[in-house]
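Observations on chain architecture
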Amino acid sequence: MEVAEFFLTFLIILLSAKFFAELFTYFRLPGVLGEVTAGIILGPSLIGILKVDATLHLLAEIGILLLLFEVGLETDLGQIAKVGVQAFLVAITGVVAPAIAGYCLSRYVLDLSNIVSLFVGGTIVATSIGITVRVLVDIKKHQSKTAKIVLGAAVLDDIIGVVILATLYDFAVKGEVSLMDTGKIIGFITVFLLIAPIITKLIVPLISKASSFSKTGGMIPTIMVSLVLALAFISHKIGAPGILGSFAAGIALARRFFLPFGAAIDHYSPGLAVKIEENMKPIIGLFVPVFFVVVGASINLRVIDFTSLAFWQTAGLLVFVAVITKMMSGLWAKGSIRTKLSTGIAMVPRGEVGLIFAEVGKKCGIFDDLMYAIVVFVVALTTLFAPVLLRIVMRDEE
């Protein structure tokens, strides 16, 4: 993409994201749904003026990193720990149920090959933490009990999703699964999640001193963005999603985070946590919408033959399984039927994670054109369906 073309593309993304987010909010719909819709309209599905290339993918990645950093800043780790068992059970059910159901449906009902069935099951396992979190923020429910359960479950779900994708990719390329390679990935991720917050916390005094002595301004956002990018880089290198690094950084800098040998961030510099939030909000507000527009633009509805009976039969069954199996995970949430229902719905969106599975399946020659179109349709429908329903169900929830 040429420089001038990039400028125009970025301009279109920013303005369309804001316009559709405001429009959807006006009609009491989640703003994130407007941003995804903007991408669908501008992308190959309709107008076709927005082509997702490597440059836009990088901008989108920065957006999701900053979104998860912001979520981490506002997260009360103690509250998540209180619902830890529920979050774990929600995550495990949200992985096992779709994987088994998706595989069995593909293998024994649709009569697809073993490897295709495995990839279909893997695709509908994923939960898009970005979509879910943004919806909860939009409807101002990100501090609710449901949000705590879903956040913990979605992070775990993302980790498991990466392990499954790596395992299936190995199987598709090598024809076998390396338990040693899978074990290494799990081990690296576990160690990283333990060490990253500690590293972040140890540099808090440096952040405080640097912001106090700086004469040029912009010191806090520079250090914060650098920290997020550094931890995302390390996270990616060990085989984990980059968002885990930014999320860990956000949690460690939250006002409610404590280490056994340390104190909360405000212990070092009263008001520093607030300064970090205030300095980062404009940057986050600029880049996060780009991510959701790119998610929408990555969905190509033109590959779908909507007149095909085979498409509707297969897609209908997979959508049903994809939605029901994820909603089953909400049964572990303690509380009212509404809490269980909202937890299950929040786990439904596949978003960019499902699209990654679909693309890997297509590039490896596992999905043919029809199967790829069906998977893309399932991802698109779950991405658009969940935010609307979640807003309705969680309207009066505490």
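Residues numbered from 1 in each chain as written. Predicted model: local features only at pLDDT ≥ 70, side-chain atom pairs only at ≥ 80, totals over all residues. Heavy atoms only, no water.

1. Digging into the packing of aromatic side chains
The relative placement of two aromatic rings is captured by the distance of their centres and the angle of their planes. The following threshold applies: Aromatic contacts are taken between Phe, Tyr and Trp rings whose centres are within 6.5 Å, Trp giving its six-membered ring; a plane angle under 30 degrees counts as stacked, one over 60 as edge-to-face, and the others as tilted. Burial classes: relative accessible area under 20% of the type maximum marks a residue as buried, over 50% as exposed, and values in between as partly exposed (1.4 Å probe, protein chains only). Labels follow the DSSP assignment, with helices taken as runs of H or I lasting at least four residues and strands as runs of E lasting at least two, numbered in each case from the N terminus.
Scanning all chains against the criterion turns up 13 aromatic pairs. Between Phe6 and Phe7, the ring centres sit 6.2 Å apart and the planes meet at 55°, which makes this aromatic pair tilted. Residue class for Phe7 comes out exposed when judged on its relative accessible area of 54%. A ring pair is formed by Phe119 and Phe367, whose centres lie 6.2 Å apart and whose planes are at 85°; its orientation type is edge-to-face. Pair noted here: Phe119 is in helix 6 (residues 114–123) and Phe367 is in the loop between helix 17 (351–363) and helix 18 (369–393), with a separation of 248 residues, a long-range link. This pair shows no difference in class: Phe119 is buried, exactly as Phe367 is.

2. Considerations on a nonpolar patch on the surface
This is how it is decided: Like charges are joined within 9 Å and nonpolar side chains (Val, Leu, Ile, Met, Phe, Trp, Tyr) within 5 Å, but only among residues with over 30% relative accessible area and no salt bridge; these make up the patches. Accessible surface is estimated by sampling points in the Shrake-Rupley manner with a 1.4 Å probe; for residues, cover comes only from the protein chains shown. Whenever a carboxyl oxygen of Asp or Glu lies within 4 Å of a side-chain nitrogen of Lys or Arg, that contact is scored as a salt bridge.
On the surface, Phe19, Leu23, Tyr26 and Phe27 cluster together into a nonpolar patch covering about 490 Å² of accessible area. Take Phe19: its relative accessible area is 52%, and that puts it in the exposed class.

3. With respect to the packing of helix 1 (residues 3–26) against helix 3 (residues 54–73)
To keep it simple, the criterion reads: Axis angles are defined between N-to-C directions and span 0 to 180 degrees, where every axis is a line fitted to C-alpha atoms and, for a helix, only to the segment in contact. Angles are sorted into four bins: roughly parallel if under 35 degrees, roughly antiparallel if over 145, roughly perpendicular if 65 to 115, and oblique for all others. The crossing is said to be left-handed when, going from far helix to near helix, the turn is anticlockwise and less than a right angle, and right-handed when the turn is clockwise. Contacts: residue pairs with any heavy atoms within 4.5 Å of one another.
Interhelical geometry of helix 1 versus helix 3 gives an angle of 45° and a closest axis separation of 12 Å. Here helix 1 is positioned oblique relative to helix 3, judged by the angle of their axes. When you trace helix 1 past helix 3, the crossing you get is right-handed. Of the residues in helix 3, those touching helix 1 at Phe6, Thr9, Phe10 and Ile13 are Thr55, Leu56 and Leu59.

4. Let's talk about the nonpolar core
Put simply, the rule reads: In this text, buried Ala, Val, Leu, Ile, Met, Phe, Trp, Tyr and Cys residues form a nonpolar core when linked through side-chain atoms within 4.5 Å.
By size, the foremost hydrophobic cluster in this structure holds 120 residues, and its most contacted members are Phe69, Met224, Leu253, Ile276 and Phe367. Filtering out sequence-adjacent residues up to four positions away, Phe367 remains in contact with Val116, Phe119, Val120, Thr123, Phe357, Ala358, Gly361, Lys362, Tyr372 and Val375.

5. Observations regarding the environment of Ala230
For Ala230, the location among the structural elements is in helix 11 (residues 219–237). When its relative accessible area of 37% is taken as the criterion, Ala230 is described as partly exposed. Taking the C-alpha atoms as reference points, Ala230 and Ala249, 19 residues apart in sequence, are found 9.9 Å from one another.

6. Section: unusual backbone geometry
In this structure, Asp111 is a non-glycine residue whose phi angle is positive, near 60°. As for its placement among the helices and strands, Asp111 is situated in the loop between helix 5 (84–109) and helix 6. The exposure class assigned to Asp111 is exposed, which follows from its relative accessible area of 63%.

7. Some points on the environment of Gly48
As for its position among the elements, Gly48 is in the loop between helix 2 (31–42) and helix 3. Judged by its relative accessible area of 31%, Gly48 falls in the partly exposed class. When the C-alpha positions of Gly48 and Asn300 are compared, they lie 9.5 Å apart, and in sequence the two are 252 residues distant. Excluding residues within four positions of it along the chain, Gly48 makes contact with Ile41, Leu42 and Gly43.

8. A short note on the side chain of Ser117
Tracing the backbone through its elements, the reader meets Ser117 in helix 6. The contacts of Ser117, once residues within four sequence positions are left out, are Gly102, Tyr103, Ser106, Arg107 and Leu112.

9. A few points about helix 7 (residues 129–138)
Across the ten residues of helix 7, eight count as buried, placing the element largely inside the fold. Restricting attention to buried positions, one finds in helix 7 the residues Ile129, Gly130, Ile131, Thr132, Val133, Arg134, Val135 and Leu136.

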